[in-house]
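Below, each chain spelled out in residue letters.
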Amino acid sequence: MSFVDCPCGSGDKFENCCEPIIDGTKYAQTPLALMRSRYTAHVCKNMPHIIRTMTGKPLKRFDEEKTRDEWFEQCKWTKLEIIDAPPVAVDDKHGIVEFKAHYVFNDHEQVLHERSKFQKLDNKWLYVAGQNKDAHIETSNKIGRNDPCSCGSKKKYKKCCGSV
């Protein structure tokens, strides 16, 4: 796959952002850069990058076939939203990134909301764990309180049908 703008949403060109990390010519310098590249690897269906950027239990438990079938073939990744990514110093060995990865599965928009842990080993950032932040699946069919009301009144949902 070839992109002009990077799918990770950084605003940079793909060739200057995630592409060199995914193709292995450069290492991610921060947990955030690694998270962005892992998301983009899902968009690009690049299994080698996903595998080589994990360690510990996630790598031991990784099911390549299931990932290919469910996350690569059945999902269309649409947007990465970074919630929190505390800065790390050059000598830090641990980092956190909280994100929401938006995707379409079975014609429904869904969101994977995760707080991921990263560890720096041999000067390379690696994914070591993730905690799912949502116990439910979010879909685009749900109307938010501040969304326009679906009745067509042009009022916010909370001030119209949502106040009933």
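Everything here concerns the structure above.
Keep in mind that what you see is a predicted model, and the values were worked out from it rather than measured.

*Asks:* Would you explain the overall build of the protein chain in this entry?
*Replies:* When its secondary structure is counted, the protein chain shows 5 helices and 4 strands. By the burial criterion, 34% of the 164 residues in the protein chain qualify as buried. In the protein chain, 42% of the contacts between residues at least 6 apart in sequence involve partners at least 24 apart.

*Asks:* Help me understand a negative patch on the surface, please; the structure alone is not making it clear to me.
*Replies:* Taken together, the side chains of D63, E65, D69, E70 and E73 make up a negatively charged region of the molecular surface. Among the secondary structure elements, E65 is positioned in helix 5 (residues 64–73).

*Asks:* I'm lost on the side chain of R36 in this one. Help?
*Replies:* Relative to the assigned elements, R36 resides in helix 2 (residues 31–44). Comment: no salt bridge for buried R36; closest opposite-charge side chain is D12, at 7.6 Å. If near-sequence neighbours (up to four positions away) are discounted, R36 is found in contact with C8, G9, S10, C18, L80 and I82.

*Asks:* Honestly, the packing of aromatic side chains in this entry has me stumped. Any pointers?
*Replies:* Two descriptors summarise a pair of aromatic rings, namely the distance from one centre to the other and the angle between the planes of the rings. Scanning the model with the defined rule gives 5 aromatic pairs in all. Measuring from ring centre to ring centre gives 6.0 Å for Y39 and W77, while their planes differ by 85°; the resulting arrangement is edge-to-face. On the criterion of sequence distance, the pair formed by Y39 in helix 2 and W77 in strand 1 (residues 75–84) is long-range, its members being 38 residues apart. We note that Y39, like W77, is buried.

*Asks:* I tried to follow the sheet that holds strand 4 (residues 124–132) on my own but got confused; where do I start?
*Replies:* Overall, antiparallel pairing links the 4 strands, which are arranged 1-2-3-4 in an open sheet. Strands at the two margins of the open sheet, each flanked by one partner only, are strand 1 and strand 4. For this sheet the average axis-to-axis angle between neighbouring strands, irrespective of direction, equals 35°. Bridge count for strand 3 (residues 108–121) against strand 4 is 8 bridges, and the pairing is antiparallel. Counterpart to E114 in the pairing with strand 4 is N132. Sheet strands in contact with helix 2 are strand 1, strand 2 (94–105), strand 3 and strand 4, and its direction is about 165° off that of strand 1. Helix 5 rests against strand 1 and strand 2 of the sheet, and its axis sits at about 85° to strand 1.

What counts as what
Residues numbered from 1 in each chain as written. Predicted model: local features only at pLDDT ≥ 70, side-chain atom pairs only at ≥ 80, totals over all residues. Heavy atoms only, no water. Helix = DSSP H or I, 4+ residues; strand = E, 2+ residues; numbered from the N terminus. Buried < 20%, exposed > 50% of the residue type's maximum accessible area, 1.4 Å probe, protein only. Contact = heavy atoms within 4.5 Å. Patch = residues over 30% accessible without salt bridge, like charges linked within 9 Å, V, L, I, M, F, W, Y side chains within 5 Å. Areas by Shrake-Rupley, 256 points an atom, 1.4 Å probe, with all protein chains shown as cover. Salt bridge = Lys/Arg side-chain N within 4 Å of Asp/Glu carboxyl O. Lys, Arg positive; Asp, Glu negative; His and termini not counted. Charge placed at Lys NZ, Arg CZ, Asp CG, Glu CD. Phe/Tyr/Trp six-rings, centres within 6.5 Å; stacked < 30°, edge-to-face > 60°. Pairing = 2+ DSSP bridges. Axes fitted to C-alpha atoms, helices over the stretch in contact; angles between N-to-C directions.

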